[in-house]
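Inside the fold
Chain by chain, the residues run as shown.
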Amino acid sequence: MTKIAVLMGRGVEGCGVTKNVVEFQKLMGVEVFATMDKVWPRQKSMDFDVNYFRGADWNELSKKSRKFDDLMVCTDVIDRINECDACIVFSVPSKSHPEECVDNFIEILKHIKVRKSIVQVDHNIQSITRNARLVDVLNELDVIMTHSTTNPFAQWVRKNGIQKPITTAGVGYNFDENKKKYWKPIEEQQSNVIRWVGRSAGWKGPQILIDFQQKQMKERGFITILEGLEASIGYKGILYDNINDPSTRWEVVNKFRPEKEYNETSDFEYGTEKTKNGAYLYPGYAHHDMMERMSLTAFGSDLYHLKPEQYGANIEYCHADCIGGGTVPIFHSHFGDHVVHNKIGKPVGQCEDSGTIFMSRDPGSYMATAEVLVSLANDNGARSEWREQSFEFWKSHCDAIDVYGDIIEKTKNFNGEPEGLAAFFG
């Protein structure tokens, strides 16, 4: 059996990259190596097997760590990876990592003798440029994989003259495992609840669902819940339609970043939400606990939307978790217009029997979506049929066995023509 190593230079962040690795390990048994030079707030949000190493320690430990048992050094990682058949890099140290960690990460790549690739999932150039010595990293690899060969990352690679083959990589999800683990009988779900999961980034669409609850679903007796919001510096963008105009504050039950002037507190208990309120805004979650809550929810949502050239064919894990939890999913119309189904060959929003609701921040879309939600909330049979259709539709698009098999195959064998400056300019 092929033995694959996964290298996480940024460490375990507990976000989409981590979820990707978790799914990969569950299905393919990959061996994961992650730096611990920088510890992230969501590091413990997902449970999986990780070999931690201090990137700043080349061949001996500078000090022991109480948090990380059996801590490795860089040379240990090199030896273990060279016993594998291939190595896939899922993240690169950031510019805020210790300089020794960054420099040693490049040296690790130089000493790895098996075929090695990178799966780069950042969408925005601002995120891409936060990676340390990225040109040096990419020049040590055999294959570069990303969402789309026309996205900002691929363009950045070409502009920087990196002569390495670029190809696409999917985001895989183990649909069958999650269905078996989490799906509940349709009668056990709360039929008037919409649950969004994600984080505070505007392109994930939290403001859209907050607005939708206030304008359409509150008076229809629905409860809307958003989980995973960070109390970051831009938090007002979640609470206010216009951050410079206090009168535009949405009607919300705000628990992720309480504002004293509204007598808000951070205390809350899942499952106590009531109708006739604005959207409930909650902070970060443990993944398994969130999935249990999702499984008792009728409708799940991720309103992720990007520039057309950034999508590729991929969905996010927050999309997939709506389906894995057994809900009827609500996704963004723009996403539906630009993500092409891998098997059907049409934009997913144009496919029949997708079991998916597509919505945008538009009065007409709001009204049409509200009518569908009310209808499905009142008809368990119809809602059951929708969620089964959704499961089959999205499984055929990005089932983990297909996606990770493709990533391994490309890592071991892809030798496409390098795409350099000539390809970029013409």
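Keep in mind that this is a model prediction, so the values were computed, not measured.

1. Here we look at the overall build of the protein chain
- When its secondary structure is counted, the protein chain shows 16 helices and 14 strands.
- The C-alpha extent of the protein chain, read off along each of the three principal axes, is 60 × 50 × 45 Å.
- Of all 426 residues assigned to the protein chain, the portion counted as buried reaches 56%.
- Look at the contacts in the protein chain between residues 6 or more apart in sequence, and 73% of them connect residues 24 or more apart.
- When the accessible surface of the protein chain is totalled, it reaches about 18,000 Å², and 47% of it is carbon and sulfur.

2. Quick notes on the packing of aromatic side chains
- According to the stated counting rule, one finds 21 aromatic pairs in the structure shown.
- Judged by centre distance (4.4 Å) and plane angle (10°), the rings of Phe 24 and Tyr 404 are stacked. Note that Phe 24 is positioned in helix α1 (residues 16-28) and Tyr 404 in helix α15 (residues 400-413), a separation of 380 residues in sequence. The pair Phe 24 / Tyr 404 is uniform in exposure class, with both members buried.
- Sitting over the ring of Trp 183, Lys 179 keeps its end group 4.5 Å from the ring centre.
- Just above the ring of Phe 391 sits the side chain of Lys 179; from NZ or CZ to the centre is 4.5 Å.

3. Comments concerning the sheet that holds strand β3 (residues 51-53)
- Strands sit in the order β3-β2-β1-β4-β5-β6-β7 across an open sheet of seven strands; the sheet is parallel. Looking at strand neighbours, the two that pair on one side only are β3 and β7 (166-168), the edges of this open sheet. The average angle at which neighbouring strand axes cross in this sheet is 25°, direction not considered.
- Where strand β5 (residues 115-120) lies against strand β6 (residues 143-146), four bridges are found, and the strand directions are parallel. Within β6, the position partnered with Ser 117 by the bridge is Val 143.
- Contacts from α15 reach β1 (4-8), β4 (86-91), β5, β6 and β7, with the element oriented near 135° to β5.

4. Here we look at empty space enclosed by the protein
- Evaluation of the coordinates by the stated rule reveals one cavity of 30 Å³ or more.
- The class makeup of the residues in the lining of the largest cavity is four nonpolar, six polar and no charged.

5. So, α1
- If you check α1, its first and last C-alpha atoms are 18 Å apart, about what 13 residues at 1.5 Å a residue would give, namely 18 Å.
- With 10 of 13 residues buried, α1 lies mostly within the body of the structure.
- By the burial criterion, the buried members of α1 are Val 17, Thr 18, Lys 19, Asn 20, Val 21, Val 22, Glu 23, Phe 24, Gln 25 and Met 28.

6. Focus: the environment of Ile 408
- Counting through the fold element by element, Ile 408 comes out in helix α15.
- Residue class for Ile 408 comes out buried when judged on its relative accessible area of 13%.
- The contact partners of Ile 408, leaving out residues within four places of it in the chain, are Thr 2, Ile 4, Phe 24 and Met 28.

7. Brief notes about the confidence of the model for the protein chain
- Overall, the predicted model of the protein chain reaches an average pLDDT of 93, with 97% of residues at or above 70.
- Segment residues 418-426 is flagged for pLDDT under 50; beyond a separation of four residues in sequence, or across chains, it makes 16 contacts in the model.

8. Points about the pairing of strand β13 (residues 328-332)
- Burial analysis of β13 places five of its five residues in the buried class, which makes it a mostly covered element.
- In this fold, the crossover linking strand β12 (residues 297-302) to β13 by way of helix α11 (residues 317-324) has right-handed handedness.
- Read as a crossover between parallel neighbours, the route from β13 over helix α12 (residues 333-338) to strand β14 (residues 357-359) is right-handed.

9. Quick notes on helix α10 (residues 287-295)
- Buried within α10 are the following residues: His 287, Met 290, Met 291, Arg 293, Met 294 and Ser 295.
- Those residues of α10 that are buried lie in contact with α1, α7 (175-182), β8 (190-197), β9 (223-227), β12 and α11.

10. Side note on the environment of Trp 394
- Tracing the backbone shows Trp 394 in helix α14 (residues 380-398).
- Residue Trp 394 is classed as buried on the basis of its relative accessible area, which comes to 0%.
- The spacing of Trp 394 and Val 328 is 66 residues in sequence and 12 Å in space, taken between C-alpha atoms.

Definitions and limits used
- Residues numbered from 1 in each chain as written.
- Predicted model: local features only at pLDDT ≥ 70, side-chain atom pairs only at ≥ 80, totals over all residues.
- Heavy atoms only, no water.
- Helix = DSSP H or I, 4+ residues; strand = E, 2+ residues; numbered from the N terminus.
- Buried < 20%, exposed > 50% of the residue type's maximum accessible area, 1.4 Å probe, protein only.
- Contact = heavy atoms within 4.5 Å.
- Areas by Shrake-Rupley, 256 points an atom, 1.4 Å probe, with all protein chains shown as cover.
- Phe/Tyr/Trp six-rings, centres within 6.5 Å; stacked < 30°, edge-to-face > 60°.
- Lys NZ or Arg CZ within 6 Å of the ring centre and 35° of its normal.
- Pairing = 2+ DSSP bridges.
- Axes fitted to C-alpha atoms, helices over the stretch in contact; angles between N-to-C directions.
- 1 Å grid on protein atoms, 1.4 Å probe; cavity = no way out; pocket = protein on both sides within 12 Å on 5 of 7 lines; lining within 4 Å.
- Points joined across faces, edges and corners; volume = space filled by probe spheres on them.
- Nonpolar A, V, L, I, M, F, W, Y, C, P; charged D, E, K, R; others polar.
- Expected span 1.5 Å × (residues − 1).
- pLDDT = per-residue confidence, 0-100.
- Right-handed = clockwise from strand over helix to strand, strands pointing away.

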